[in-house]
Structure formats: structure tokens, C-alpha cells
Amino acid sequence: MAFDGKERDELRRKFLDYAETRDRALRDELITAHMGLAEYLARRFTNRGEPLDDLVQVAALGLLKAVDRFDPERGLEFSTYATPTIVGELKRHFRDKGWAVRVPRRVQELHLRLAGVVGQLSQELGRSPTIGEIAQAAAVSEEEVLEAIEAGHAYRFTSLDAPSGNDEELSLSAELGAEDQGLIDSEHRVTLSPLIAQFPPRERMILHLRFFEGMTQSEIAARLGISQMHVSRLLARALAQLRSQAEDDG
Amino acid sequence: MSQREVRLEVPAAPEFLRISRIMAAGVASRVGFTLDEVEDLRIAIDELCFSLVGPRRRTGTITLRYLLDTDELAVEGSGRFTDGLGNDPVVSALSEQILAAVVDECVLSTGEDGPEFRLVKRRRPS
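Residues numbered from 1 in each chain as written. Chains lettered and ligands numbered in written order. Predicted model: local features only at pLDDT ≥ 70, side-chain atom pairs only at ≥ 80, totals over all residues.

Okay, the overall build of chain A next. A tally of helices and strands in chain A yields 14 helices and zero strands. Residues classed as buried in chain A amount to 33% of the 250 residues present. Sequence separation of 24 or more characterises 63% of the internal contacts of chain A that already satisfy a separation of 6 or more. (Helix = DSSP H or I, 4+ residues; strand = E, 2+ residues; numbered from the N terminus. Buried ≥ 20, exposed ≤ 12 C-beta atoms within 10 Å, placed from the backbone. Contact = placed C-beta atoms within 7 Å.)

A few words on the overall build of chain B. Of regular secondary structure, chain B possesses three helices and five strands. Counting from the amino terminus, helix and strand elements in chain B follow one another as β-α-α-β-β-α-β-β. Of all intrachain contacts in chain B linking residues separated by at least 6 positions in sequence, the fraction that spans at least 24 positions is 65%.

Moving on: the packing of helix 3 (residues 35-43) of chain A against helix 4 (residues 52-69) of chain A. All names here are of chain A. As a packed pair, helix 3 and helix 4 sit with axes 8 Å apart at the nearest point and diverge in direction by 130 degrees. What the angle tells us is that helix 3 and helix 4 run oblique. Here helix 3 runs over helix 4; the crossing is right-handed. Together, M35, L37, A38, E39, L41, A42 and R43 of helix 3 and L52, L55, V56, A59, A60 and L63 of helix 4 make up the contact between the two elements. (Axes fitted to C-alpha atoms, helices over the stretch in contact; angles between N-to-C directions. Parallel < 35°, antiparallel > 145°, perpendicular 65-115°, else oblique. Left-handed = near helix turned anticlockwise from the far one by under 90°.)

Time to look at helix 12 (residues 201-211) of chain A. Along helix 12 of chain A, 11 of the 11 residues are buried, which leaves the element largely enclosed by surrounding structure. Those residues of helix 12 of chain A that sit buried are A:P201, A:R202, A:E203, A:R204, A:M205, A:I206, A:L207, A:H208, A:L209, A:R210 and A:F211.

Relative to the elements of secondary structure, B:G26 occurs in helix 1 (residues 14-31). Sequence spacing of B:G26 and B:V38 is 12 residues, and the spatial spacing of their C-alpha atoms is 8.8 Å.

For the rest of this paragraph, the subject is the sheet that holds strand 4 (residues 105-110) of chain B. Residue and element names in this part refer to chain B. Pairing within the open sheet is antiparallel, and its five strands lie in the order 1-2-3-5-4. Where the open sheet ends on each side, the last strands, each with one partner, are strand 1 (4-11) and strand 4. Going from strand to strand, the sheet's axes swing by 10 degrees on average, the running direction of each strand aside. With seven bridges connecting them, strand 3 (residues 72-81) and strand 5 (residues 115-122) associate as antiparallel partners. Bridge assignment links E76 to a residue of strand 5, and that residue is R118. Across the face of the sheet, helix 2 (residues 35-53) comes into contact with strand 2 (60-68), strand 3, strand 4 and strand 5 while running at roughly 170 degrees to strand 5. (Pairing = 2+ DSSP bridges.)

The subject of this paragraph is the packing of helix 1 of chain B against helix 2 of chain B. Packed helix pairs are specified by the crossing angle of their axes together with the interaxial distance, meaning the distance between the axes. Residue and element names in this part refer to chain B. Contact geometry for helix 1 and helix 2: axes closest at 9 Å, N-to-C directions at 150 degrees. The orientation of helix 1 with respect to helix 2, classified from their angle, is roughly antiparallel. The two elements helix 1 and helix 2 cross, and the hand of that crossing is right-handed. Between helix 1, through L17, S20, R21, A24, A25, A28 and S29, and helix 2, the contact on the second element is made entirely by E37, V38, L41, R42, I45, D46 and C49. When its residues are assigned to classes, the contact of helix 1 with helix 2 shows eight nonpolar, two polar and four charged. (Nonpolar A, V, L, I, M, F, W, Y, C, P; charged D, E, K, R; others polar.)

The interface of chain B with chain A comprises 26 residues on the first partner and 31 residues on the second. Sorting elements by how many residues they give to the side of chain B that touches chain A places helix 2 of chain B first, with eight residues. Tallied by class, residues from the side of chain B that touches chain A come to 13 nonpolar, eight polar and five charged.

We now examine the confidence of the model for chain A. Residues and elements named next belong to chain A. Per-residue confidence for chain A gives a mean pLDDT of 78, with 76% of residues at or over 70. Highest mean pLDDT in chain A belongs to helix 7 (residues 131-138) (96); lowest belongs to helix 9 (residues 166-175) (37). Ignoring residues within four places in sequence, the model shows residues 155-179, a span with pLDDT below 50, making 34 contacts including any to other chains. (pLDDT = per-residue confidence, 0-100.)

Counting 65 residues, the largest nonpolar core has A:L114, A:I134, B:A28 and B:A44 as the members making the most contacts within it. Here the element with the most residues in this core is helix 2 of chain B; it accounts for 11 residues. Counting residues in each nonpolar core, the second largest holds 17 residues, with A:V56, A:V58, A:L64 and A:L90 among its members. (Core = buried A, V, L, I, M, F, W, Y, C linked by C-beta atoms within 7 Å.)

The phi torsion of most residues other than glycine is negative, and most of the peptide bonds are trans. Residues and elements named next belong to chain A. With a phi close to 55 degrees, R22 is a non-glycine residue in the positive phi region. Mapped onto the secondary structure, R22 falls in the loop between helix 1 (5-21) and helix 2 (24-33). For R22, a count of 10 C-beta atoms within 10 Å puts it in the exposed group. Even without glycine at this site, A139 takes up a positive phi of about 55 degrees. Tracing the backbone through its elements, the reader meets A139 in the loop between helix 7 and helix 8 (142-151). What makes A139 exposed here is the crowd of 8 C-beta atoms within 10 Å.

Spelled out as C-alpha cells, the structure:
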């Protein structure tokens, strides 16, 4: 990411303008000018089983945050300021995805591929597919399918998996109807509120639908518009977190 | 079809309990369970093994017997500990709620030699 002196001056002027005007066109220009940095950082995370395109999008989100928060008056280079923000966003992405460090890439890739296969099969069959059916559709052995599914549960029993941040919280509150939210909150206030309430809305919703409403993982996936494998990962992570708290208390 | 049995004994530590979960998924797929049912079973095994060991680190072993039948899978688990910390299973209200949602039958008990459980998961007719 090297800009020559003239470019750097121009960018600096644009940052000063943007700090004052918050002009969207100016913001877009600043983001475009620094996309190389986002791509560069995204590329450093590609050996972890996520497609580069997705990572670049995540990095771009970090870049956008950095552009918005950067204060050019403080004399710091933008790239110096933005790098930790972008890397933080990428790390958060992996943490939310919940990959444990030791899952081999081959297994991670199959895990990702199976999410699509399971979705398609569920639609075709009108029910959750068996392990045998998934193996056949993906042209791998049943053992490989089991291994790949298990990868989604490979959480360590520690308190590291803190509930995810506010952005998700906001977007999801918009997704969930006020009625759903009210229902969940009132039920858990009576019984298990402190345990359930600590989770972000999506996890709270999934815990509620699975364990209090008796919906299957496939039904929850369809309702929330995410894959069954994703529901499975979020549930596994929430339960691991609950257990690790019991350990801390015990 | 006659009943078949798979038996597993592991040290009572989280890293080994993962094996009991993988084993559960493996035998469940032999019975022809759907992914949803396999996932439920996995959650149940996690909860139940945790209730055998409890929140404290313990010294001992967990034995699991997986009993495969035509349309159902029963799992019997027992903890044998040498640390003298007691034989009662530990189960929270939330765990009970979770277990009720994921398996057809589930009993936790204090056995003579340690905490025990038995669960049954049946295959839903498709």
C-alpha cells in the first residue's frame, strides 16, 4: 500500500473534507482508494477455509468502519489506523464462524460445501436428510460427512466465545418481529432469564425455538433464512458457553 | 433386527467426551437417523456427559453403551470416579429443558458406583 507524496496529500485533504461533510461520495472514494489494503489483509486469512471473496467483503466492512472513525487531525497514517480495525473485523468473522484452530482445511472445506448440499437435499426431500443421503449427494463417505459435521462443534470448553458484537445485534433486531422478541423475553424472564438473556438476539431466538418451541434445526434454519449447519454451529457454541459458565461457577 | 451394541470407555475429561459425541453420531447414522436427529443426539450426549462429570474436574472414567435397534438408539452412560467427590449427577433446569426437547426418554440417576444416565432417541417416520 504505497501512495506517493501527492496522492497522500490528496487523500489527507479528502479525509479532512469527509470528517467535516460526511459526504457519501467522498466516503466511497476513500474506501475505493484503500481497497488494496483490505484485500491484502483479507488474503492473509485465506488458509482457514473461507472463500477469499467473503473475506474481502468482511475486510471492506472493517475498512468502512475505519474510514468513518478516522480522525485525520491526529496525524496518524490512515493505513496504520485502519489495519487493526480491519484485522479485528476478520478475526471477529472467524470467531463468529466458530472454527476451532485445529480443524484441518480439507474438513473445513467439506463442512462449508455440506451446508449447501444439506439445504438442497432438505428442499428436495421435504425433510432433514440422513447421513447416508448427504454422503451420496456429496460423493464422499459417511465418515467424512460425520467428521465435517463434527467440525462445526469443535469448540473449546472455555469462555472465549463471548456473545458477538453490536452490529449483528442491530441487524437482527430488525429481522425479528417485535412480537417474537416480546414473547421470548417474557417467557425467559420468568424461568431462565439470566442464562438466555446474555446471548445476542439470534442465539436467543434459536435457543428458544429449539428447546422451548420444539422446532427442529431444519425448521429453524428455514425460518431464519440461514443454513441448518449454521443453526447447528450457533447452538453448539451457545451450549458450550453455558457449560463453561457452569464450570466457572462450580 | 436384533439389538447391536457398541461400547466406549473414556477418561472423564472434556477432550475425550468429544469422542463419545462422534461415536454417537456414527452409530446414529447406522440406524438411519436424519441430520436433525443426529444433531439432537449429539446435544443430548454433551449435556448428559456433562451432568455425569459435573462442573468440577474429576478423576475417573465414563463408560457409554450404545444400543442400536431398528428404529431407535439407546445410550447408557455411567461415571466411575476415584476422587471421592460423590455419585450424584448434576443437572440444571436449563439442561432438563434441553434434554426434554432433544430425546424421547431420559433418566439420570445415582447408581451404586457412580452417576448414570439412560436416553432413548427414536427415528421419526419419514
